[in-house]
Amino acid sequence: MSIELKSNVPAGPLAEKWDRHKFDLKLVNPANKRKHTILVVGSGLAGGSAAATLGELGYNVHCFCYQDSPRRAHSIAAQGGINAAKNYPNDGDSVWRLFYDTVKGGDFRAREANVYRLAQVSVNIIDQCVAQGVPFAREYGGLLANRSFGGAQVSRTFYARGQTGQQLLLGAYSALERQVAAGTVQMHTRTEMLDLIVVDGQARGIVTRDMVSGAVETWFGDAVVLGTGGYGNVFYLSTNAKGCNVSATYRAYKRGAAFANPCFTQIHPTCIPVAGEHQSKLTLMSESLRNDGRVWVPKQKGDTRAPGDIPDAERDYYLERKYPSFGNLAPRDISSRSAKEVCDEGRGVGPGGRGVYLDFADAIARLGEDTIRERYGNLFEMYQRITDEDPYKVPMRIYPAVHYTMGGLWVDYNLMGTIPGLFVIGEANFSDHGANRLGASALMQGLADGYFVLPYTIGNYIATHKLAKVDASHPESRAVVAQVNERMRRLLAVNGTRTVDSFHRELGKLLWEHCGMARNAEGLRTALARIPELRAEFWKDVKVLGTGEELNQSLEKAGRVADFMEFAELMCRDALVREESCGGHFRTEYQTSDGEAKRDDERFAHVAAWEYTGDDSPPVRHVEPLTYENVQLATRSYK
């Protein structure tokens, strides 16, 4: 049966949709909640907050993560802050302004109603986290502090030095562990989801592998929630933790869940440059640094002088020059392309000329080193440990790198995918950020989905569906388990000559060159011709050590890279069909005379959602039109 994209956005004025919808949703009697089981895959900010909240409500929750503790989720790596429309600085912020900034930041490629709801509930997130003891920075008088982030002209970002993700995660973790102690949540660590079990068209269970013993097990419930993060590691080098992968969402896609906008990946402008072939990941330096750091390169090509020897008149503060309204706080996609542009002109700095300066000399002279140390001390220390350069004395060197993915499984207003009973939250879904996420909005979305949206909408699903009991003896369950075991057997049986990482690195380079910061039809077709060949080589020549009945990280990586090999093709297909530039999707054929992204609202003001039709047939592209009733489609300008 072909996929049907019903957004289920409620009627009525934008500002009233969510409150009206909450009232119209069917409820589950408190005494009945304990009779219902919900499976939550992922325990980062989205999954952890969802599992904790559902447990608090009284549901029987199973939460799964492949780390040894929910504290190790990749959410811990978020540094700079979390957005909320509190307007504490009294600088003109509002729910409407956060909504508009987010829609504009995503280059008008997100669903209006979802984004407005996100802005609405953002104000509740801060109160929730303060109540949990999250140590947000405070002003001298005790009020919560705010700082600026890219794509906004107000200060709405709450932060805990450069450890915001870690502190928010510890808040969600404490709530989660409280429910574990209360018996409403059972936590399954070191457990990886390998497939989704769909019975009678509804998501009813998952297949997992115990990563220590190798045991393959099945788990069943009334609904499945995926909070498994993004797929940036398809590029091999990214700011993501090494374990981050696409497998959970991709396996759900192969079971019937539509995958939306897979080509929408975000390049972060503030990363430590690639140092050599030895690297397996890249390190993010928080966007918050651009509050006080000034980005520049020499005006002259090939200027190899030390930065301190280059006078101000011979420096090009190119973001301040090109985008005077936003300056160094221009959005990530624009800042990243601008850095690539000056490096392509031969004005880049550092080894290979692939870097630009992020300079704090002016801020230190104006505010004093102690103030800068108080704001960014742990970030400066991290940079110095990695590069052996002191950013208090010399400018940081930064360059864009793959960071976040705006694409993900398609979901409706209730956060449910095209498979009934499959809910997708946080970075794993596509819903809120369009073609480019504004900084400090990922933490906002993950906690909004987990604490304040899903607990309402999943209850409505359970209340309106009578579900028969399903267990491991069900034919569909046995079939999926057999397929999982056969896939692992195949990986182990190849016994070739190349490591998993060597294939992953080659795939990543191919994608970075042809589907990275800039794309064009010729490059995408080159990638689409090469990826199937590389995938065939992988299944013929990969060497996976060990067995399936033990702790086997080689097998884990092989399964994830096998999914990346297929998913990369979907990304390139999506990028090739979208003949426009918008946000992080920059097609070089579609740009203005001054190098800005050129949208095509006539043909592409929609969400592209792909349906899997089999390994031997191309996926089908479906479209959800995006209608803007409350904001006017406009050329995105930060000048």
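Residues numbered from 1 in each chain as written. Predicted model: local features only at pLDDT ≥ 70, side-chain atom pairs only at ≥ 80, totals over all residues. Heavy atoms only, no water.

## Regarding the state of the cysteines
Simply put, the disulfide is a covalent bond whose two ends are the sulfur atoms of two cysteines.
Inference 1: All told, the structure shown has 0 disulfides when counted by the stated rule.
Inference 2: As a non-bridged cysteine, Cys343 has Cys271 as the owner of its nearest cysteine sulfur, 13 Å distant. (Disulfide = S-S within 2.5 Å.)

## Looking at helix H3 (residues 45-57)
Inference 1: For H3, which comprises 13 residues, the first-to-last C-alpha distance of 18 Å matches the rise-based estimate of 18 Å (1.5 Å per residue) to within 8%.
Inference 2: Within H3, 11 of the 13 residues are buried, which leaves it mostly tucked inside the rest of the structure.
Inference 3: The complete set of buried residues in H3 reads Leu45, Ala46, Gly47, Gly48, Ser49, Ala50, Ala51, Ala52, Thr53, Leu54 and Gly55.
Inference 4: Along its buried surface, H3 packs onto strand E1 (37-41), strand E2 (60-64), helix H6 (164-182), strand E5 (185-188) and helix H12 (442-463).
Inference 5: Looking one or two places after H3, you find Gly58, whose phi comes out positive at around 115°. (Helix = DSSP H or I, 4+ residues; strand = E, 2+ residues; numbered from the N terminus. Expected span 1.5 Å × (residues − 1). Buried < 20%, exposed > 50% of the residue type's maximum accessible area, 1.4 Å probe, protein only. Contact = heavy atoms within 4.5 Å.)

## Concerning the sheet that holds strand E6 (residues 191-199)
Inference 1: Ordered by their spatial adjacency, 3 strands build an open sheet running E6-E7-E8, and the pairing between neighbours is antiparallel. For this open sheet the edge positions go to E6 and strand E8 (216-220), each flanked by a neighbour on one side alone. Strand-to-strand twist of the sheet, defined as the mean angle between neighbouring strand axes without regard to direction, takes the value 30°.
Inference 2: Two elements, strand E7 (residues 202-210) and E8, share 5 bridges in a ladder whose sense is antiparallel. Pairing of Ile206 across the sheet is with Trp219, part of E8. (Pairing = 2+ DSSP bridges. Axes fitted to C-alpha atoms, helices over the stretch in contact; angles between N-to-C directions.)

## Topic: the nonpolar core
Inference 1: Ile82, Leu196 and Leu422 are the most contacted members of the largest nonpolar core, which totals 179 residues.
Inference 2: Of all the elements, helix H16 (residues 553-577) adds the most residues to this core, at 13 residues.
Inference 3: Both domain 1 (268-400) and domain 2 (475-614) contribute no fewer than three residues apiece to this core.
Inference 4: Contacts of Ile82, omitting those with residues within four sequence positions, involve Ile125, Ile126, Phe136, Arg156, Thr157, Phe158, Thr164, Leu168, Ala440, Leu443, Met444 and Leu447.
Inference 5: Residues Trp296, Tyr317, Val349 and Tyr357 belong to the second largest nonpolar core, which totals 5 residues. (Core = buried A, V, L, I, M, F, W, Y, C linked by side-chain atoms within 4.5 Å. Domains from an automatic or database assignment.)

## Focus: the pattern of salt bridges
Inference 1: One pass over the full model with this rule turns up 56 salt bridges.
Inference 2: Arg332 is paired through a salt bridge with Glu287; the nearest N and O atoms lie 2.4 Å apart. Taken together, the positions of Arg332 in helix H9 (residues 332-344) and Glu287 in the loop between strand E11 (265-271) and strand E12 (294-298) put the pair 45 residues apart, joining distant regions of the chain.
Inference 3: Judged by its relative accessible area of 2%, Glu287 is buried.
Inference 4: A salt bridge links Arg599 to Asp601; the nearest nitrogen and oxygen atoms lie 2.8 Å apart.
Inference 5: By relative accessible area, Arg599 is classed as buried at 16%.
Inference 6: For Asp601, a relative accessible area of 26% puts it in the partly exposed group.
Inference 7: Taken together, the shared-partner salt bridges connect Asp107, Arg109, Asp333, Arg337, Arg578, Glu580, Arg599, Asp601 and Arg636 into one network. (Salt bridge = Lys/Arg side-chain N within 4 Å of Asp/Glu carboxyl O.)

## Focus: the environment of Gly546
Inference 1: Relative to the helices and strands, Gly546 resides in the loop between helix H15 (521-541) and H16.
Inference 2: Gly546 has contacts with Leu492 and Asn552, leaving out every residue within four places of it along the chain.

## Overview of the domain arrangement of the protein
Inference 1: When its domains are assigned, the protein resolves into domain 1 (268-400) and domain 2 (475-614).
Inference 2: Each of domain 1 and domain 2 has a C-alpha centre, and the two are 31 Å apart.
Inference 3: The interface of domain 1 with domain 2 comprises 11 residues on the first partner and 9 residues on the second.
Inference 4: Between domain 1 and domain 2 lies a buried interface of about 820 Å² when both sides are counted; carbon and sulfur atoms form 50% of it.
Inference 5: At the boundary of domain 1 with domain 2, the tally comes to 2 salt bridges.
Inference 6: The shortest N-O distance in the salt bridge between Glu277 and Lys509 comes to 3.3 Å.
Inference 7: Taken together, domain 1 and domain 2 are joined by 5 residue pairs in polar contact (both at pLDDT 80 or more).
Inference 8: Listing elements by their share of the side of domain 1 that touches domain 2, those giving two or more residues are H9 and strand E15 (396-405).
Inference 9: If you tally residues by element for the side of domain 1 that touches domain 2, the top one is H9, at 5 residues.
Inference 10: Classifying every residue of the side of domain 1 that touches domain 2 by side-chain character gives 4 nonpolar, 3 polar and 4 charged. (Buried area = accessible area lost by both parts, 1.4 Å probe. Polar contact = N/O pair within 3.5 Å; in protein donor to acceptor, adjacent residues only side chain to side chain. Nonpolar A, V, L, I, M, F, W, Y, C, P; charged D, E, K, R; others polar.)

## What about the pairing of strand E9 (residues 223-226)?
Inference 1: Of the two faces of E9, both are covered, the one formed by Ala223 and Val225 as well as the one formed by Val224 and Leu226.
Inference 2: Direction of pairing for E1 relative to E9: parallel, over a ladder of 4 bridges. Residue Val40 lies in a different strand from E9, and its bridge partner there is Val225.
Inference 3: Two strands pair when backbone bridges link them, and E9 and strand E17 (residues 422-424) are joined in this way by 3 bridges, in the parallel orientation. Bridge pairing in E17 links Leu226 to Val424.

## What about the sheet that holds E17?
Inference 1: Pairing is parallel in the open sheet, where 5 strands are placed in the order E5-E2-E1-E9-E17. The open sheet is flanked by E5 and E17, the only strands paired with a single partner. Strand after strand, the sheet turns through a mean of 20° between neighbouring axes, direction not considered.

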